[in-house]
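These are the residues of each chain, in order.
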Amino acid sequence: MRITGIIAEYNPLHNGHRYQLQEAREASHADLVIVCMSGNYVQRGEPAILDKWTRAQLALRNGADMVVELPFASAVQPAERFAEGAVKLLAELGCQTLAFGSEYPTFDYQQVGQQILTLKAQAQTFIDYQKTYATQLNEFYQAELNLNLDQPNHLLGVSYAVANAQLTTPLHLLAIERKQAQHGDQTIAAGQYASASAIRRSLKAATTNWRQLAQVMPSDTLRALQRQSHLDWEQLWPLLKYRIESTSLMQLRAIYQMSEGLEYRFKKVIHTANSYAELLRALKTKRYTYARLQRVCLYVLLNISPADIAQSLAQQPIHLLGFNAVGQTHLHTLKKTLAQPLISKVSAKLGAEDGPLGLDVRVDRLQEQFGWQSQNFARQPIFYKRKDDEHC
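Every value quoted in this text rests on a predicted model; they were computed, and no experiment measured them.

### A short note on the overall build of the protein
Next up, step 1: Secondary structure assignment for the protein yields 18 helices and 10 strands.
Next up, step 2: For the protein, whose C-alpha radius of gyration is 21 Å, the value lies close to the compact-globule estimate of 21 Å for 392 residues.
Next up, step 3: Referenced to the eigenvectors of the C-alpha coordinate spread, the extents of the protein come out at roughly 65 × 50 × 50 Å.
Next up, step 4: When the 392 residues of the protein are sorted by exposure, 54% land in the buried category.
Next up, step 5: Taking the contacts inside the protein whose residues are at least 6 apart along the sequence as the reference set, 74% of them involve residues at least 24 apart.
Next up, step 6: Within the structure as shown, the protein displays about 17800 Å² of accessible surface, and the carbon and sulfur contribution to it stands at 50%.

Pasting the structure below:
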């Protein structure tokens, strides 16, 4: 069976994602497409706009054959660590190809991934506190390889390539050209494609233009967005403010990624910040990107420690969210070959504090407090029966 993997957030799933799923299947001649999807929090340190089960169902309806959850410990990380966790998971699930969107589809990611891996030890020694790590990394790659990571998807593609080069048997990398809209576009232009950023911005507007959104996303995504409440940082702001104000410096220092005295800066600015946006602006320095600060804010809110992340990564849980008939066939094979169990039902033991899904169960409790359904217990993987599966 020819198996292609895709790493995604689908926050939310739009026409560009559906195009990528179709193109990945056709270009790789895949019999099976597996999506490794972030759970209820995304890479830039934000809650997902729709819950992971709704997003998994949308992925199955629009071209995926199987959806598994990328655990919080890998999902809410800088590009390099995000890529390492997701690529390793897809390799364990038997993928031979990794497909991803890129602004530079003809770029030789396979070769550059190996080149960067050779230079990786040097790239980890940056100590210039006047620049972000991402800026220093880009400058290093420019100097050593004449490589400019000036686009978000290009950076992520290179991160996938480096993670892939570390595998014993690397996957074939398939870059798919982005259609029309670019990653960071903030407005929805005429046409059938728009960035997820522009869509989320439209949803936060005082009056949402549903007719405009209907042009850039599948109808089932549109219905899900109209039906489900959306959780964002403005809603979580009072909880975050309380957490920072009520937590001691020593406790803040124990939060994951709270380094270089950042806890003092949190304590200094929290009393004058009247919104989440104000807090980020007050925290921002040349050393930290907004994405890094957003992730730290999320770690603070959820009380995430280095030990929490280390424990989750060590257990490497694979949580199955959904599949169709083709995916079901592959699941029977996986049960015989996977080194660790593929979790289809979260029991009390699996979701316990020291269990393989303990961290994910804990962080998902927050969404449940805001009215979302149970995100782990008493949930079964979605089985999506396509019209052409009637004979199965």
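### Some thoughts on the pattern of salt bridges
Next up, step 1: Tallied over the entire structure, the rule returns 9 salt bridges.
Next up, step 2: Between Arg-362 and Asp-308 there is a salt bridge, with the nearest N and O atoms lying 3.2 Å from each other. Within this pair, whereas Arg-362 is found in helix α18 (residues 358-369), its partner Asp-308 is found in helix α16 (residues 306-315), the two being separated by 54 residues in sequence.
Next up, step 3: When the shortest N-O distance is used, the salt bridge between Arg-365 and Glu-368 registers 3.5 Å. Highlighted residues: Arg-365 and Glu-368, both in helix α18, separated by 3 residues, approximately one helical turn.

### Describing the packing of aromatic side chains
Next up, step 1: The tally for this structure, following the rule as stated, stands at 9 aromatic pairs.
Next up, step 2: Ring plane angle 90 degrees and centroid distance 5.0 Å describe the contact between Phe-100 and Tyr-109, whose orientation is recorded as edge-to-face. When sorted by exposure, Phe-100 lands in the same class as Tyr-109, which is buried.
Next up, step 3: Through pairs of rings, three or more aromatic residues link up here, namely Tyr-41, Phe-72, Tyr-256 and Tyr-299.

### Details of the environment of Tyr-299
Next up, step 1: Looking at the element boundaries, Tyr-299 is found in helix α15 (residues 290-302).
Next up, step 2: It is 27 Å that separates the C-alpha atoms of Tyr-299 and Leu-342, two residues lying 43 residues apart in sequence.
Next up, step 3: Every residue in contact with Tyr-299, bar those within four places of it in the chain, is listed here: Phe-72, Val-76, Gln-77, Ile-255, Tyr-256, Gln-257 and Ile-304.

### Some thoughts on α16
Next up, step 1: Residues of α16 that are buried: Asp-308, Ile-309 and Ser-312. For α16, the buried positions fall inside an angular range of 95 degrees around the axis, keeping them on one side. Set apart from the buried face of α16 by more than 90 degrees, the exposed residues are Ala-307 and Ala-314.
Next up, step 2: Where the residues of α16 are buried, they touch α3 (72-75) and α18.

### Side note on the nonpolar core
A general tendency of soluble globular proteins is for nonpolar side chains to be buried together.
Next up, step 1: With 82 residues, the main nonpolar core has Phe-72, Leu-240 and Leu-279 as its most contacted residues.
Next up, step 2: With 8 residues, α15 is the largest single contributor of residues to this core.
Next up, step 3: Leaving out residues up to four positions away in the same chain, Phe-72 has contacts with Tyr-41, Leu-298, Tyr-299, Leu-302, Ile-304, Ile-309, Leu-359, Asp-360 and Val-363.
Next up, step 4: Counting residues in each nonpolar core, the second largest holds 36 residues, with Val-35, Val-67, Ala-99 and Ile-199 among its members.

### Topic: the packing of α16 against α18
Next up, step 1: Close contact between α16 and α18 brings their axes to 9 Å; oriented N to C, the two are set at 125 degrees. If you check the angle between α16 and α18, you find them oblique. Contacts between α16 and α18 involve Asp-308, Ile-309 and Ser-312 on the former and, on the latter, Leu-359, Asp-360 and Arg-362.
Next up, step 2: Residue classes in the contact of α16 with α18 are distributed as 2 nonpolar, 1 polar and 3 charged.

### Details of the environment of Leu-321
Next up, step 1: Mapping Leu-321 onto the fold places it in strand β8 (residues 318-323).
Next up, step 2: Residues Leu-321 and Gln-380 lie 59 residues apart in sequence; the distance between their C-alpha atoms is 7.7 Å.
Next up, step 3: Non-local contacts of Leu-321, meaning those with residues more than four positions away in its chain, are made with Met-37, Lys-52, Trp-53, Ala-56, Val-67, Val-68, Glu-69, Pro-381 and Ile-382.

Cut-off values and rules
Residues numbered from 1 in each chain as written. Predicted model: local features only at pLDDT ≥ 70, side-chain atom pairs only at ≥ 80, totals over all residues. Heavy atoms only, no water. Helix = DSSP H or I, 4+ residues; strand = E, 2+ residues; numbered from the N terminus. Rg over C-alpha atoms; globule rule 2.2 N^0.38 Å. Buried < 20%, exposed > 50% of the residue type's maximum accessible area, 1.4 Å probe, protein only. Contact = heavy atoms within 4.5 Å. Areas by Shrake-Rupley, 256 points an atom, 1.4 Å probe, with all protein chains shown as cover. Salt bridge = Lys/Arg side-chain N within 4 Å of Asp/Glu carboxyl O. Phe/Tyr/Trp six-rings, centres within 6.5 Å; stacked < 30°, edge-to-face > 60°. Arc of directions from axis to C-beta. Core = buried A, V, L, I, M, F, W, Y, C linked by side-chain atoms within 4.5 Å. Axes fitted to C-alpha atoms, helices over the stretch in contact; angles between N-to-C directions. Parallel < 35°, antiparallel > 145°, perpendicular 65-115°, else oblique. Nonpolar A, V, L, I, M, F, W, Y, C, P; charged D, E, K, R; others polar.

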